[in-house]
Amino acid sequence: MAGLEIISDQGYRIDGRRSSELRKVCARMGVFTQADGSAYIEQGNTKALATVYGPHEVRKGRGKIQHDRAVVNCQFSMATFSTGERKSRPKGDRRSQEMSMHLRQTFEAVIVTELFPRSQIDIYVQILQADGGNYCACVNAATLAVIDAGIPMKDYVCACTAGFIQDSPLLDISYVEESAGAPFLTVAMMPKSEQIVLLEMNSRLHADNMEKVLDLATQGCKDVFAVLDRHVRDHVSESHALMTAS
Amino acid sequence: MKEVPMSTCEREFILKAIRDRKRIDGRQTYDYRRLKVSFGMERGCCIVDLGDTKVLAQVSGKIEEPKKNRPTEGSIIINLELSPMASPAFEPGRPTESGIEMNRILERNIRDSRAVDTESLCIVAGEKVWSIRADVHVLNDEGNIMDAASIAAITALSHFRRPDVSVMGEEVTVHSPEDRDPVPLSVHHMPVCVTFAFFDQGEFLLVDPNRSEERVMDGRMVVGMNMHREICTLMMSGGMLLVKEQVLRCSQIATVKVAEIIELIQRALDKDAQARQAGEKCGFAESVPTNKITTNRKEATAIDTTAAAQQASQVIQEAGPVDKPMSNMLVQAPGTVQIGEGLVNTWDVDDEDMESEEKEGREKSVTNGREAVATSKPTERKRPVKAGEGTVSHAEGSDSEEEETVMLFQGDDETKSTEEPDSTALMQPSNSDKPAKKKGKKKKAAQK
Amino acid sequence: MAVHITLPESRKKSAAPDAPKHLVTPGDVITTDTGYMRGHGTYMDDDKLKASLAGVVERVNKLICVQPLKTRYNGEIGDVVVGRVTEVGQRRWRVDVNSRLDAVLMLSAVNLPGGELRRRSAEDELMMREYLVEGDLISAEVQAIFHDGALSLHTRSLKYGKLAQGLMVQVSPSLVKRRKTHFHNLPCGASVILGNNGYVWICPTVDDEKVESSGGYEQDLEPVPSTDREVIARLRNCILSLATHKLMLYDTSVLYAYEASRQYQVKDLLQPDIAEKVADDTRQRLQMESG
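This one's a predicted model, so the numbers in the text were calculated from it and none came from an experiment.

**Quick look at the overall build of chain C**
Argument step 1. Within chain C one finds six helices and 17 strands.
Argument step 2. Taking all 291 residues of chain C together, 38% fall into the buried category.
Argument step 3. Considering only contacts within chain C whose residues lie at least 6 apart along the sequence, 62% involve residues at least 24 apart.

**Things to note about the overall build of chain A**
Argument step 1. Across its full length, chain A carries four helices and ten strands.
Argument step 2. Secondary structure elements of chain A occur, N-terminal to C-terminal, as β-β-β-β-α-β-α-β-β-α-β-β-β-α.
Argument step 3. What you see for chain A is a C-alpha radius of gyration of 18 Å, in line with the 18 Å of a compact globule of 246 residues.
Argument step 4. Sorting the 246 residues of chain A into buried and exposed places 53% on the buried side.
Argument step 5. Summarising the internal contacts of chain A: among those between residues at least 6 apart in sequence, 68% fall at separations of at least 24.

**With respect to the sheet that holds strand E4 (residues 42–45) of chain C**
All names here are of chain C.
Argument step 1. Spatial ordering of the open sheet is given by E2-E5-E4, a layout of three strands whose pairing is antiparallel. On the outer flanks of this sheet lie strand E2 (29–31) and E4, each paired with one strand and no other. Strand-to-strand, the axes of this sheet are offset by a mean angle of 45°, without reference to chain direction.
Argument step 2. Pairing between E2 and strand E5 (residues 48–51): two bridges, direction antiparallel. When the sheet's bridge partners are listed, valine 29 is paired in E5 with lysine 50.

**Here we look at helix H4 (residues 226–244) of chain C**
Residues and elements named next belong to chain C.
Argument step 1. In this model H4 runs 27 Å from its N-terminal to its C-terminal C-alpha over 19 residues, within 8% of the 27 Å that 1.5 Å per residue would give.
Argument step 2. All of the buried residues along H4 are Val231, Ile232, Arg234, Leu235, Arg236, Asn237, Cys238, Ile239, Leu240, Ser241, Leu242 and Ala243.
Argument step 3. One or two steps after H4, the chain reaches lysine 246, where phi turns positive at roughly 55°.

**Observations regarding the interface of chain C and chain A**
Argument step 1. Each partner contributes to the interface: chain C provides 32 residues, whereas chain A provides 31 residues.
Argument step 2. Sorting the residues of the side of chain C that touches chain A by element identifies strand E6 (55–60) and helix H6 (272–290) of chain C as the ones contributing at least two each.
Argument step 3. A breakdown of the residues in the side of chain C that touches chain A according to their chemical character gives 15 nonpolar, ten polar and seven charged.

**A closer look at the interface of chain B and chain A**
Argument step 1. Of the residues lining the interface, 27 residues belong to chain B; the matching set on chain A comes to 27 residues.
Argument step 2. Mapped onto the side of chain B that touches chain A, the elements with two or more residues apiece are helix H2 (97–112), strand E14 (230–237) and helix H5 (244–277) of chain B.
Argument step 3. Among the elements that take part in the side of chain B that touches chain A, E14 of chain B stands out by supplying eight residues, more than any other.
Argument step 4. Of the residues in the side of chain B that touches chain A, the class split is twelve nonpolar, seven polar and eight charged.

**What about the pairing of E14 of chain B?**
Argument step 1. Of all eight residues in E14 of chain B, eight are buried; the element is thus mostly enclosed.
Argument step 2. In the sheet, strand E9 (residues 195–202) of chain A pairs with E14 of chain B via three bridges, with the strands oriented antiparallel. Bridging across to E14 of chain B, leucine 199 of chain A finds its partner in methionine 236 of chain B.
Argument step 3. As paired strands, strand E10 (residues 205–206) of chain A and E14 of chain B are joined by two bridges and run antiparallel to one another.

**Details of unusual backbone geometry**
Argument step 1. The omega torsion across glycine 54 of chain A and proline 55 of chain A is 0°, close enough to zero to call that bond cis.
Argument step 2. Within the secondary structure, proline 55 of chain A sits in strand E3 (residues 46–57).
Argument step 3. Positive phi outside glycine occurs at glutamate 194 of chain A, with the angle close to 55°.
Argument step 4. Locating glutamate 194 of chain A in the fold gives a position in the loop between strand E8 (184–190) and E9.
Argument step 5. If you check the backbone angles, asparagine 144 of chain B has positive phi at about 55° while not being a glycine.
Argument step 6. Tracing the backbone shows asparagine 144 of chain B in the loop between strand E6 (128–140) and helix H3 (145–159).
Argument step 7. Assessed through the 27 C-beta atoms surrounding it within 10 Å, asparagine 144 of chain B is described here as buried.

**Describing the sheet that holds strand E17 (residues 199–204) of chain C**
All names here are of chain C.
Argument step 1. Reading across the sheet, the four strands line up as E14-E17-E16-E15 and stay open at both edges, with antiparallel pairing between neighbours. The open sheet terminates on both sides in strands that have one partner only, identified here as strand E14 (167–170) and strand E15 (183–186). Between one strand axis and the next, the sheet turns by 20° as a mean value, whatever way the strands run.
Argument step 2. Bridging between E14 and E17 involves four bridges; their strand directions are antiparallel. Among the inter-strand pairings, methionine 168 is bridged to a residue of E17, identified as tryptophan 201.

**A short note on the UniProt feature "domain: Exoribonuclease phosphorolytic" (unreviewed entry) in chain A**
Residue and element names in this part refer to chain A.
Argument step 1. Within this numbering scheme, the UniProt entry marks residues 21–152 and 155–219 as carrying the feature "domain: Exoribonuclease phosphorolytic" (unreviewed entry).
Argument step 2. Its end C-alpha atoms 31 Å apart, residues 21–152 is made of 24% helix and 33% strand.
Argument step 3. Spanning residues 155–219, this segment combines 22% helix with 45% strand, and its end C-alpha atoms are found 17 Å apart.

**A few points about helix H1 (residues 94–110) of chain A**
Argument step 1. Over its 17 residues, H1 of chain A runs 25 Å from end to end, which matches the ideal 24 Å to within 8%, given 1.5 Å per residue.
Argument step 2. Those residues of H1 of chain A that sit buried are Glu98, Met99, Ser100, His102, Leu103, Arg104, Gln105, Thr106, Phe107, Ala109 and Val110 of chain A.

**Looking at the confidence of the model for chain C**
Reading fine detail from the predicted coordinates is not recommended where pLDDT is low.
Argument step 1. Taken as a whole, chain C shows an average pLDDT of 86; of its residues, 88% reach a score of 70 or greater.
Argument step 2. ipTM for the predicted complex: 0.86, alongside a pTM of 0.79.

**Observations regarding the nonpolar core**
Argument step 1. Residues Ala50, Cys138 and Ala141 of chain A together with Ala149, Ala152 and Ala153 of chain B are the most contacted members of the largest nonpolar core, which totals 167 residues.
Argument step 2. In this structure, alanine 149 of chain B is in contact with Val55, Leu80, Met102, Leu106, Val136 and Val138 of chain B, ignoring residues within four places of it in sequence.
Argument step 3. Formed by 56 residues, the second largest nonpolar core is a distinct cluster that contains Ala103, Leu132, Tyr160 and Ile232 of chain C.

**Some remarks on the packing of H1 of chain A against helix H2 (residues 134–148) of chain A**
All names here are of chain A.
Argument step 1. As a packed pair, H1 and H2 sit with axes 11 Å apart at the nearest point and diverge in direction by 45°. The angle between H1 and H2 falls in the class oblique. In the crossing of H1 with H2, the sense of the turn from one axis to the other is right-handed. Between H1 and H2, the residues in contact are Met99, His102, Leu103, Thr106 and Phe107 and Tyr135, Cys138, Val139, Ala142 and Val146, respectively.
Argument step 2. Classifying every residue of the contact of H1 with H2 gives eight nonpolar, two polar and no charged.

The rules behind these values
- Residues numbered from 1 in each chain as written.
- Chains lettered and ligands numbered in written order.
- Predicted model: local features only at pLDDT ≥ 70, side-chain atom pairs only at ≥ 80, totals over all residues.
- Helix = DSSP H or I, 4+ residues; strand = E, 2+ residues; numbered from the N terminus.
- Buried ≥ 20, exposed ≤ 12 C-beta atoms within 10 Å, placed from the backbone.
- Contact = placed C-beta atoms within 7 Å.
- Rg over C-alpha atoms; globule rule 2.2 N^0.38 Å.
- Pairing = 2+ DSSP bridges.
- Axes fitted to C-alpha atoms, helices over the stretch in contact; angles between N-to-C directions.
- Expected span 1.5 Å × (residues − 1).
- Nonpolar A, V, L, I, M, F, W, Y, C, P; charged D, E, K, R; others polar.
- UniProt positions renumbered as here; feature names shortened; annotations may be inferred.
- pLDDT = per-residue confidence, 0-100.
- Core = buried A, V, L, I, M, F, W, Y, C linked by C-beta atoms within 7 Å.
- Parallel < 35°, antiparallel > 145°, perpendicular 65-115°, else oblique.
- Left-handed = near helix turned anticlockwise from the far one by under 90°.

Below is the structure:
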């Protein structure tokens, strides 16, 4: 992009971060009463809301019933006011369908679905404000919501993006950096075992640089995990104390 | 229609074979099936055969108004069509989830990696640009549609020629092909997808899974790459977990595979260009071999016979020399069989009979020989990906059966010399075939 | 429209409790000792016992499980539940009990009106809709658990059966304390059924003799006097305020909350600050008594 410098000479990015620095992560668990689990997350200016229902009886589409495990159903949507230009379709276009599918695949891999045969788990995610890393915010929010709902999962799933701009890897790409056309990698992984659940890459990246970017993204996921874990622990110990006090 | 579920026994068999590092169609772990690229009469139309998977791509262009935020860029639309014709598992109408995913991978691989220069598609900034649309239709799904579709799409895009356009002041003229030669799109690089299938929680991986392997696999990873070793897209998902090393290994394997595929595409494109220049016949009709049974034809596959050969030689070694027949047999008179002593031979032996028997035996060995030749053919025509001219393009059309059966052993040396040294071991026909074949050949020579 | 504004209040944090010792989150290794048994909320991964839920580790002899804060209802035999009929099927009703699968109430597991015990005939099968239709609320007991986790219910006692006039509140199942009895006739003039599944039923007190004669299926549709209704409404708000502030629900806590709320109007209990005060008062009183 002409006239836009992604990294300054001093090594700072447009929003003042260093190259391997995450944006500020704020999270809340249990934001709704109706859902079995819910969470809200802010990663910089990207804001996402996730709710989880289930496991519950499969109400519509009995054909989906799996006799050995639960069906995971995901729906991703973007609020019409989430982007710079007003979105005409909040959901149902190809991008969101793809996103829904990726979320489903991610959570099918980590939720211990074998424990709930013939039932269904719904995960609804909405982006309230999009500023890059939508998928990551969704995954992180949904992870918190699933934990809040008390659905067993093998590990956290944390997601993070990493890009490669001006010959250096950058962590947690914002919208401006995303639209600069440089390659970026989206990784969802289980941070404790470093197992990758989902990997996606856009644009051109030389194979030799792959490792560097992947390493950075891994580090990013672990950082995200540290933040999320702290939130979960705070939330659990607080509620637990209240419950045992009475 | 919902797909019929696979039987447990078949599933287990395939998995067990994979664990033993074998594949049901006899390929090696990193082998592609036979790849063939052929072109239609019209520009921008191509069919890709990957084993039995068949994908057709057609590129078309029209002039339209550009998007507001990109006034100087044309657009590339890629549409993947999974019709129920290809497989009963595909529903007509709305695209399925997997269809959308593959479509997005294609888009990302070709459009988002800027393989085709969109700025050169601009005619009048903000008013008229070319909109190029690539329709990729899956004709037959025998596994790994993704790779076939990506090859078809990029090949068709590089094969396509759009009409030349000139701008004189306000006036825009689209020239007919007779008027001015159509111009090709500017293709910067050719990204091609390589699909890896994972089994046993990522412990085993295969390249180019076929239909049955796809149904057994845990998950897959698609790596889109170009000649310059740049990864254009990377997609891994679906119920399995990998570690970083596996991802990096896949990208390394992809590098090799992509180089082979692109070389093949390039060769096919060149051949087609030459054919067109020379005014020879081209099109799909030409690519179908005439006077030949095309159905039930078995495609050549590479078979690793080293293990079998080794085993055979071991057996021979262990067996040692055959015991000599007892030499102290007493023969009373020619043609007599003696049970007691001094009895007259009652066995009716006829000389002619013996001769006819011998003849029969001989003929049998001749047919045996033919069979042997036929069975040994696959070993002969290995090299599934970088197979010789015959496999690359229809234009050559040299795989005449007759020729091959006769030329077999003369041609052998030639092919051997072009092979890498390590693969010569694979070329060795299995031991059991050898004597029969030689015999057959000798007989043939005698008959001639 | 009146707007209610409360000033921020400097609230004393109730003696910042120390984090419980055995707090785990998904993926945490609980123990590498293979001598333990794997319970709820845990899984084995190469000889390590790991948590799959966020919660507190509990150990009973060799059995290790993780107790989550909030889940769907996990049924146990003998639990009292309140449920809603979702489907009338072949010789059975399907009942939503906030579990992961709908519970089943077999025709053979109900007391037919009149309390007669006899073989269920084909006519009874046709009359099923006369007893219970979709949307009806029932109270029942868990009779058995199927292998897929679905519950089988029975109403073979006069205290169970169809619920008539009253109000249902939904809370988290983990907030309902397991007690000997879950049916309470509160002295304030209403009855409460604290279902183990987190469904709480509040209704005007009925005398037992009446129930006995009706067999639990005749619905009393007499209008409830407004004083009773006010009590029911107050109880509902109290229970909700206890639930939002994570107090365990049982007869004493509900009663204390009711008493603590007496100084406010029923509608004021909906305001978050007052709800919190009620909950805090209840908590203090409970702590003092246990204390």
